[in-house]
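Residue-level listing of the chains:
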Amino acid sequence: MIQTLRTTATAAAVALAFGAGAATAADDTPFGGPESQEYAATLWQALTEERLAGDNAIDGVPYRGTEPHGAMLETFFTTMTVDGHTGMVAVKRNYGPAGVEQSAVQGNRAEHLGAVTVMFQREDGYDPDNMNWFWAKYLPDGSLDTNPAGMQLAGRVAKGADQGCIACHSAAPGGDYLYVTDFVR
Ligand code: HEC
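Rules of the game
Residues numbered from 1 in each chain as written. Predicted model: local features only at pLDDT ≥ 70, side-chain atom pairs only at ≥ 80, totals over all residues. Heavy atoms only, no water. Helix = DSSP H or I, 4+ residues; strand = E, 2+ residues; numbered from the N terminus. Buried < 20%, exposed > 50% of the residue type's maximum accessible area, 1.4 Å probe, protein only. Areas by Shrake-Rupley, 256 points an atom, 1.4 Å probe, with all protein chains shown as cover. Near = heavy atom within 4 Å. Nonpolar A, V, L, I, M, F, W, Y, C, P; charged D, E, K, R; others polar. Donors = N, O, S within 2.8 Å, 3.2 Å for Na, K, Ca; no water. Tetrahedral: all angles 85-135°; square planar, octahedral: opposite > 155°, others 65-115°. Expected span 1.5 Å × (residues − 1). Arc of directions from axis to C-beta. Contact = heavy atoms within 4.5 Å. Core = buried A, V, L, I, M, F, W, Y, C linked by side-chain atoms within 4.5 Å. Pairing = 2+ DSSP bridges. Phe/Tyr/Trp six-rings, centres within 6.5 Å; stacked < 30°, edge-to-face > 60°. Lys NZ or Arg CZ within 6 Å of the ring centre and 35° of its normal.

Looking at an unreviewed UniProt entry, one finds the protein chain named Cytochrome P460 domain-containing protein and attributed to Caenispirillum salinarum AK4.

A. Structural context of the overall build of the protein chain. Scanning the protein chain from terminus to terminus reveals seven helices and six strands. Its helices and strands in sequence order give the protein chain the pattern α-α-α-β-β-β-α-α-β-β-β-α-α, from N to C terminus. Sorting the 185 residues of the protein chain into buried and exposed places 44% on the buried side. Within the structure as shown, the protein chain displays about 9500 Å² of accessible surface, and the carbon and sulfur contribution to it stands at 54%.

B. Looking closely at the site of the ligand. Taken together, 24 residues are adjacent to the ligand, and His69, Cys165, Cys168, His169 and Val180 come closest. Elements supplying a minimum of two residues to the shell around the ligand: strand 2 (72-82), strand 3 (85-95), strand 4 (113-121), strand 5 (133-138), helix 6 (165-169) and helix 7 (180-184). In the shell around the ligand, the residues fall into 16 nonpolar, six polar and two charged.

C. Just the coordination of the iron atom of the ligand, in detail. Protein-derived coordination of the iron atom of the ligand comes from His69 (NE2) and His169 (NE2), at a distance range of 1.9 to 2.0 Å. Around the iron atom of the ligand, the six donor atoms sit at angles spanning 86 to 180°, and that spread fits a shape best called octahedral. Here His169 lies in helix 6 and His69 lies in the loop between strand 1 (63-64) and strand 2, a separation of 100 residues in the sequence. Judged by relative accessible area, His169 falls into the buried class, the value being 13%.

D. Quick peek at helix 3 (residues 34-49). Relative to the 22 Å expected for 16 residues at 1.5 Å per residue, helix 3 spans 23 Å between its end C-alpha atoms, a close match to the ideal helical length. Turning to helix 3, its buried residues number three or more, namely Ser36, Tyr39, Ala40, Leu43, Trp44, Ala46 and Leu47. The buried residues of helix 3 occupy one face: seen down the axis, they fall within an arc of 160°. Residues of helix 3 that are exposed and point over 90 degrees away from its buried face: Glu38 and Glu49. The elements touched by buried residues of helix 3 are strand 2, strand 3, strand 4, strand 5 and strand 6 (154-155).

E. Geometry of the nonpolar core. In terms of nonpolar packing, the biggest core is built from 28 residues, with Leu43, Leu47, Met80 and Tyr138 touching the most fellow members. Where this core is concerned, the elements lending two or more residues are helix 3, strand 2, strand 3, strand 4 and strand 5. Non-local contacts of Met80, meaning those with residues more than four positions away in its chain, are made with Leu43, Ala46, Leu47, Glu50, Leu52, His85, Thr86, Gly87, Val89 and Phe120. Of all hydrophobic cores here, the second largest spans 13 residues; its members include Trp133, Met151, Leu153 and Ala161.

F. Layout of the pairing of strand 4. Along strand 4, seven of the nine residues are buried, which leaves the element largely enclosed by surrounding structure. Bridging between strand 4 and strand 5 involves six bridges; their strand directions are antiparallel. Residue pairing across strands places Val116 opposite Tyr138, the latter belonging to strand 5.

G. Focus on the packing of aromatic side chains. Evaluated as defined, the whole model comprises five aromatic pairs. Centroid distance Tyr39 to Phe134: 4.8 Å. Interplanar angle 50°. Geometry classified as tilted. Taken as a pair, Tyr39 in helix 3 and Phe134 in strand 5 lie far apart in primary sequence, 95 residues in all. Phe134 carries the same exposure label as Tyr39, and that label is buried. When the centroid spacing of 4.7 Å and the interplanar angle of 45° are considered together, the rings of Trp44 and Tyr138 count as tilted. Of this pair, Trp44 sits in helix 3 while Tyr138 sits in strand 5; the two residues are 94 residues apart in sequence, bridging distant segments of the chain. With respect to burial, Trp44 and Tyr138 carry one shared label: buried. A network of ring pairs unites the aromatic residues Tyr39, Phe120, Tyr126 and Phe134 as a single cluster. Positioned over the ring face of Tyr39 is Arg122, at 3.6 Å from the centre of the ring.

Have a look at this one:
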């Protein structure tokens, strides 16, 4: 996996070095390129408007989490329109640190929020291999988190790698890449 990520990072860096004309090439990378970053910003805007993220986000009930997401989690499912396309969205707020109690999270969400991970089902053709899911991992302020190789975590994250969002979620029962829906079934 590390090898794959390094190669991708190098391709993106080379594309950026060649300026605007090369932006299209960077967009061809599975994740982290300019198109992915721009889409992630639009998605975050929609999430804050729907009050699924950001300072005015609605509260859910935090529950004990599993790795890798966090010690306490809140998960929301709904449909949302982004850039004229309406699709299903799954939003997971990841709270910590390890061992944190539900009451502590409820008492001060902002202090305990580590990341917001999101799956948004994009238009047909975006990523037919993986049900057109767009993946993003945001920090609480809406900026994108990065992996150890410095790649921004947005787009077809770690597509083709043996670890990461797509690899792990492709093992979710039912073949829909969704885990939580299986727990409540
Ligand atoms: C090693 C496995 C693994 C990796 C890697 C992983 N996830 Fe998950 N993800 C899970 C599990 C397990 C759940 C269910 C957690 C729970 O609520 O108890 C989950 C739940 C979610 C959910 C809620 C919808 C659902 O599937 O139930 C979202 C959204 C999500 N993950 C996004 C991401 C994103 C974005 C990434 C990459 C940045 C990522 N995940 C990486 C295992 C993983």
